[in-house]
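Here are the chains, one letter per residue:
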Amino acid sequence: MSFAYNKNIPYKNYCLLFNPEDKEKLYKTQHLGDDFAKSIVLATYRSWLLMQPRYEELEDQTLDQEFHLYIKDLLTCERINLPAFESDIFGLSRPILWIDDKTKDYLVIGTINRGTMVSFKKGDNSWKKFPELPKSSCTDMCLNMIYKDHKLHYLDYSNLYIYDFFGEFPREAFRISVREFVGYATNPYGYDEFPEVPLKLKLNRYIYNMIVTVRGDVLIVASLHFSMAETWEFIICKMDSSKVNKWEEIVSLGDESILLGLGITVLAKDMEGITCNSIYFTADDFYEDYEENEIFIYNLDTNKVEIPHQFVSSSIPSAHARWFLPTFKRD
């Protein structure tokens with residue numbers, strides 16, 4: 001399922017929901033609160049949204065800000081307030097949200113001040129800094145982070161790191177180089193350094209996303225949008241556990257599909273309306289805006305893009321859309 005929310009004036013206090021199974025229908029949520037209309041969605045987990053005030057809504061629009069984030073259930077309107085933290089005008093970057101629907105245990109991870117890693121979990125009194133984790137720099141900028149099964153996967157231009165979050169502080173459990181096909185982005189003239197890398201990856205500016213599959217495998221997806229022709233290209237590489245620092249290109253996801261913005265795969269047979277061997281993505285995944293369409297499905301069998309709904313964005317002017325996996329049942 002996807003949802004669309006307004007990102008610009010006039011602000012809206014609701015979302016529109018779209019289910020791929022119901023191609024001609026849109027569903028409107030209940031009133032999500034006045035704060036929702038003045039906030040942006042940073043991250044999602046199931047039906048939960050991590051919300052941050054819009055910059056123009058801050059009382060003091062100076063370089064250093066105090067941010068009050070909160071977590072909101074899109075379907076039930078349940079809300080969890082988080083303590084304030086100070087950061088530059090960007091607030092929390094590279095955000096991650098995880099929450100247990102039964103216990104309401106939750107974890108929020110992100111970076112502040114353009115590189116310092118912080119987190120807050122249920123039971124904490126304040127945000128914690130993690131000096132053990134890599135700090136983003138011009139040459140090793142954080143590209144992607146995913147939290148799954150108490151592990152934080154962290155991707156930059158040089159390495160993929162995996163950190164265990166079982167204890168009080170994260171511990172590095174694994175590291176593998178990604179320079180053979182990601183690292184050359186910081187060295188555009190070093191074509192001969194990695195001769196096994198496809199030439200098209202060297203000559204084009206791809207966006208890189210890390211994916212953790214249902215089976216726990218790690219993928220890196222290189223994405224490219226040819227805006228003039230309105231076409232997309234995806235190259236998927238899988239970590240080869242039998243070799244050191246090796247990645248292999250794969251051409252099929254089998255019975256799984258990728259939700260690019262969430263950094264995961266799902267089994268198509270377990271998800272109503274999901275087509276196997278496909279990539280579900282939005283304009284946000286390419287840092288782009290579209291006047292008419294924001295949600296897309298790329299079929300790896302046909303190498304074609306499907307636009308599942310023509311009026312998700314036009315129903316809410318200047319809207320952002322995201323794919324998400326709703327939680328309808330409460331035990």
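Residue positions are given per chain, counting from 1 as you read along its sequence in written order. Where totals are concerned, whole chains, interfaces and linings use all residues; where local detail is concerned, this predicted model gives features only for residues with pLDDT of at least 70, and gives and counts side-chain atom pairs only at 80 or more. Where side-chain values are given, they derive from all heavy atoms of the structure, hydrogens and water being excluded.

K.L.:
Is there a simple way to think about the pattern of salt bridges in this case?
P.N.:
One side chain can pair with another of opposite charge once the charged atoms of both are near each other. A pair is scored as a salt bridge if a Lys or Arg side-chain nitrogen falls within 4 Å of a carboxyl oxygen belonging to Asp or Glu. On inspection of all chains with the given rule, the structure shows 11 salt bridges. The partner of D164 in a salt bridge is R171, with the nearest N and O atoms 2.7 Å apart. Type-normalised accessible area, obtained with a 1.4 Å probe on protein chains alone, sets the label of each residue: buried when under 20%, exposed when over 50%, and partly exposed for intermediate values. Residue D164 is classed as buried on the basis of its relative accessible area of 9%. Connected through shared salt-bridge partners, K121, D124 and K128 make up one network.

K.L.:
What is the right way to look at unusual backbone geometry in this model?
P.N.:
Even without glycine at this site, H150 takes up a positive phi of about 60°. With respect to the element layout, H150 can be found in the loop between β14 (144-148) and β15 (151-155). Taking the relative accessible area as the measure of exposure, H150 reaches 35% and is therefore partly exposed. The phi angle at N277 is positive, at roughly 55°, despite the residue not being glycine. Secondary structure is summarised from DSSP: a helix means a run of H or I of at least four residues, a strand means a run of E of at least two, and numbering begins at the N terminus for each. Relative to the helices and strands, N277 resides in the loop between β23 (264-267) and β24 (278-282).

K.L.:
Explain the sheet that holds strand β13 (residues 128-129) to me, please; I cannot follow it from the model alone.
P.N.:
One key point about sheets: their strands pair by backbone hydrogen bonds, in either a parallel or an antiparallel sense. Across the sheet, four strands lie side by side as β10-β11-β12-β13; this open sheet has antiparallel pairing. Both outer strands of the open sheet, β10 (93-99) and β13, are each paired with one neighbouring strand and no more. The pairing criterion is simple: DSSP has to find at least two bridges between the two strands. Summarising the sheet, strand β12 (residues 116-121) and β13 pair through two bridges and their orientation is antiparallel. Bridged to V118 within β13 is K129.

K.L.:
Sorry, what's going on with the environment of W48 here?
P.N.:
Position of W48 among the secondary structure elements: in strand β5 (residues 48-53). Classification of W48 by relative accessible area gives buried; the value is 0%. It is 9.3 Å that separates the C-alpha atoms of W48 and F324, two residues lying 276 residues apart in sequence. Among the polar contacts made by the side chain of W48, one reaches the side chain of D101 at a distance of 2.8 Å. Polar contact is the term for a pair of N or O atoms within 3.5 Å; when the atoms are in protein, one must be able to donate a hydrogen and the other to accept it, and sequence-neighboring residues count only if both atoms are side-chain atoms.

K.L.:
Sorry if this is basic, but what is going on with the nonpolar core here?
P.N.:
For soluble globular proteins, nonpolar side chains are generally found buried alongside one another. Ranked by internal contacts, the top residues of the largest apolar core, which has 21 residues, are L160, V182, Y208, I220 and W247. Counting only elements with at least two residues in this core, the list comes to β18 (207-212), β19 (218-226) and β20 (231-239). The element best represented in this core is β19, accounting for four residues. Working rule for contacts: check all heavy atoms of both residues, and any pair within 4.5 Å makes them a contact. The residues contacting W247, other than those within four sequence positions of it, are L160, I176, S177, V178, E180, F181, V218, I220, C237, K238, M239 and D240. Residues belong to one nonpolar core when they are buried, are Ala, Val, Leu, Ile, Met, Phe, Trp, Tyr or Cys, and are joined through side-chain atoms within 4.5 Å. L50, L82, F85 and V118 belong to the second largest nonpolar core, which has 19 residues in total.

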